[in-house]
Number of protein chains: 2
Amino acid sequence: MTLRVLGVDPGLTRCGYGVLDAGSGRSASLVDVGVVRSSPEDGIDLRLLEISRGLEAKIEEHAPDVVAIERVFSQNNTSTVMSTAQVSGVAILLAAQRGIRIAMHTPSEVKAAVTGSGRADKKQIQTMLVKLLKLDAPPKPADAADALAIALTQLWRGPGPVRLDGAGRARTSAQAVWAEAERSARRARESSTSRF
Amino acid sequence: MTLRVLGVDPGLTRCGYGVLDAGSGRSASLVDVGVVRSSPEDGIDLRLLEISRGLEAKIEEHAPDVVAIERVFSQNNTSTVMSTAQVSGVAILLAAQRGIRIAMHTPSEVKAAVTGSGRADKKQIQTMLVKLLKLDAPPKPADAADALAIALTQLWRGPGPVRLDGAGRARTSAQAVWAEAERSARRARESSTSRF
């Protein structure tokens, strides 16, 4: 059975989601990507309800095996961090209510897994997503791309943290995985060539 | 119809709840008080689910008109602030799903409303709760007492912030309300005495 991951980039104005299916080897295919929005003009209760309903609909539609959520830190951006934490609580609860496993990844773990550097910028992540998922263009807005990156991190890394070396490079990055897959494919071609 | 308030002091290990009914004038009567717990040995998903189920049961049991929740600030205590925010998000969502109005009060608004000082300690709050709600002993643990104080703040102050003067004293504190009620009762006795 194919492992399906829902990645969530928690946010109150735009909550990114991205659904990926694990492919053969370490490939992955895009199932769905987008954002659930709530209006800044509404109160926090209506906004959390809107985000909850949107995420709930995506969980019901895609029935993921795992929900992977970006871990929020309080030192990041104090003005929005509390509402981001509230949305992450809602996302975790929605998964828990359905008995779906959850996983949390920090932003630098996600960057490291997808680009090979824990300090990669948004553009590098988008470039890697386009390449790895064979997309025509980067997913937009950035929150949607981030959610896909979180899902990809989960597919490759599982629940454990990505280990970084001293320079902030991941021990096993998406680039390394990609390179390994190309090497493996080349070996397969070469071995089939030599066999016939 | 009596206004009923559920106060919530969000927390992952102990989430305090307190239910009060508005009485005549500015009195209030205790309906229920306690804490919903989750085990620190469980994962965040199971813990949020336990807290959610516990709060949900209290909302269903008491059918409050308003759910008043302590507003969490990211600068308070960074080690627990994210999980506290997640629990507050869950409490807000439970109210919103049932169309119950929510209100948020900061810790200093609650202290000011109940004791007259935005810098009161826990003991002062508990002493005022015993006096105002005619209890035999302070509600325990502290999270339960805090939830009652939040509910009381909501009964007296409504959704707006309590205004503090330069010395951190509330313009209208519980003590002032209490004194006013006593004055009013004295006036009533005096006027009935002079009438007969």
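The structure displayed is predicted, hence computed values, not measured ones.

(A) Representation of the UniProt feature "active site" (unreviewed entry) in chain A in the model. Residue and element names in this part refer to chain A. When the UniProt feature table is mapped to this numbering, "active site" (unreviewed entry) covers Asp9, Glu70 and Asp143. A compact arrangement is adopted by the annotated residues: their sequence extent is 135 residues, whereas the largest C-alpha distance between any two is 11.0 Å. Relative to the helices and strands, Asp9 resides in strand β1 (residues 4–9). If near-sequence neighbours (up to four positions away) are discounted, Asp9 is found in contact with Arg14, Cys15, Gly16, Glu70, Asp143, Asp146, Ala147 and Ile150. The residue Glu70 is located in strand β4 (residues 66–70) in this model.

(B) Layout of the packing of helix α3 (residues 107–115) of chain B against helix α4 (residues 122–133) of chain B. Residue and element names in this part refer to chain B. Put simply, α3 and α4 touch, their axes get as near as 9 Å, and they point 45 degrees apart. Classified by the interaxial angle, the pair formed by α3 and α4 is oblique. Crossing angle aside, the handedness with which α3 passes α4 is left-handed. Counting all contacts with α3, which are made through Lys111, Val114 and Thr115, the residues of α4 involved are Gln124, Ile125, Met128 and Leu132.

(C) Structural context of the relation of the copies chain A and chain B. Once chain A is rotated about the relating axis by 180 degrees and shifted along it by 0.0 Å, it coincides with chain B to within an RMSD of 0.0 Å. These values place the two chain copies in the arrangement generated by a two-fold rotation axis. Across chain A, the rotation axis passes nearest the C-alpha of A:Gln86, at a separation of 2.2 Å. Take the interface residues of chain A: 100% of them recur as interface residues in chain B, which is what a same-surface contact looks like.

(D) Spatial organisation of the packing of helix α4 (residues 122–132) of chain A against helix α5 (residues 142–157) of chain A. All names here are of chain A. The interhelical angle for the contact between α4 and α5, taken along N-to-C directions, is 60 degrees, at an axis separation of 10 Å. In the crossing of α4 with α5, the sense of the turn from one axis to the other is left-handed. Every residue of α5 that contacts α4 at Lys122, Ile125, Gln126, Leu129 and Leu132 is listed here: Ala142, Ala145, Asp146, Leu148, Ala149, Leu152 and Trp156. Considered class by class, the residues forming the contact of α4 with α5 number nine nonpolar, one polar and two charged.

(E) The nonpolar core, seen in detail. Membership of the largest hydrophobic core comes to 50 residues, with the highest contact counts inside it found for A:Val8, A:Leu55, B:Val8, B:Leu55 and B:Val67. Filtering out sequence-adjacent residues up to four positions away, B:Val8 remains in contact with B:Cys15, B:Gly16, B:Leu55, B:Val67, B:Ala68, B:Ile69, B:Glu70, B:Ala91, B:Ala147 and B:Ile150.

(F) Local environment of the interface of chain A and chain B. Taken together, the contact pairs 21 residues of chain A with 21 residues of chain B. Joining chain A to chain B, the criterion identifies zero salt bridges. Linking chain A to chain B there are two residue pairs in polar contact (both at pLDDT 80 or more). Counting only elements with at least two residues in the side of chain A that touches chain B, the list comes to α1 (44–62) and α2 (78–97) of chain A.

(G) Main features of the sheet that holds strand β3 (residues 28–37) of chain B. Residues and elements named next belong to chain B. Taken in spatial order, the five strands of this open sheet run β3-β2-β1-β4-β5, and their pairing is mixed. The open sheet has two free edges, formed respectively by β3 and β5 (101–105), since each of these has just one partner strand. Averaged over all pairs of adjacent strands, the angle between their axes in this sheet comes to 20 degrees, without regard to strand direction. As judged from the five bridges shared by strand β4 (residues 66–70) and β5, these two strands associate in the parallel manner. Paired with Ala68 across the bridge in β5 is Ala103. Where helix α5 (residues 142–157) meets the sheet, it contacts β1 (4–9), β2 (14–22), β3, β4 and β5, and its direction lies at approximately 35 degrees from that of β2.

(H) The pairing of strand β2 (residues 14–22) of chain A, seen in detail. All names here are of chain A. Burial within β2 is extensive, with seven of its nine residues counted as buried. Between β1 and β2, which follow one another and run antiparallel, lie four residues. Summarising the sheet, β2 and strand β3 (residues 28–37) pair through nine bridges and their orientation is antiparallel. Looking across to β3, one finds that Gly18 is bridged to Val33. Linking two consecutive strands that pair antiparallel, namely β2 and β3, is a turn of five residues; a positive phi of about 60 degrees is found at Gly25 within it.

About the thresholds
- Residues numbered from 1 in each chain as written.
- Chains lettered and ligands numbered in written order.
- Predicted model: local features only at pLDDT ≥ 70, side-chain atom pairs only at ≥ 80, totals over all residues.
- Heavy atoms only, no water.
- UniProt positions renumbered as here; feature names shortened; annotations may be inferred.
- Helix = DSSP H or I, 4+ residues; strand = E, 2+ residues; numbered from the N terminus.
- Contact = heavy atoms within 4.5 Å.
- Axes fitted to C-alpha atoms, helices over the stretch in contact; angles between N-to-C directions.
- Parallel < 35°, antiparallel > 145°, perpendicular 65-115°, else oblique.
- Left-handed = near helix turned anticlockwise from the far one by under 90°.
- Least-squares fit on C-alpha atoms with pLDDT ≥ 70 in both.
- Nonpolar A, V, L, I, M, F, W, Y, C, P; charged D, E, K, R; others polar.
- Core = buried A, V, L, I, M, F, W, Y, C linked by side-chain atoms within 4.5 Å.
- Buried < 20%, exposed > 50% of the residue type's maximum accessible area, 1.4 Å probe, protein only.
- Salt bridge = Lys/Arg side-chain N within 4 Å of Asp/Glu carboxyl O.
- Polar contact = N/O pair within 3.5 Å; in protein donor to acceptor, adjacent residues only side chain to side chain.
- Pairing = 2+ DSSP bridges.

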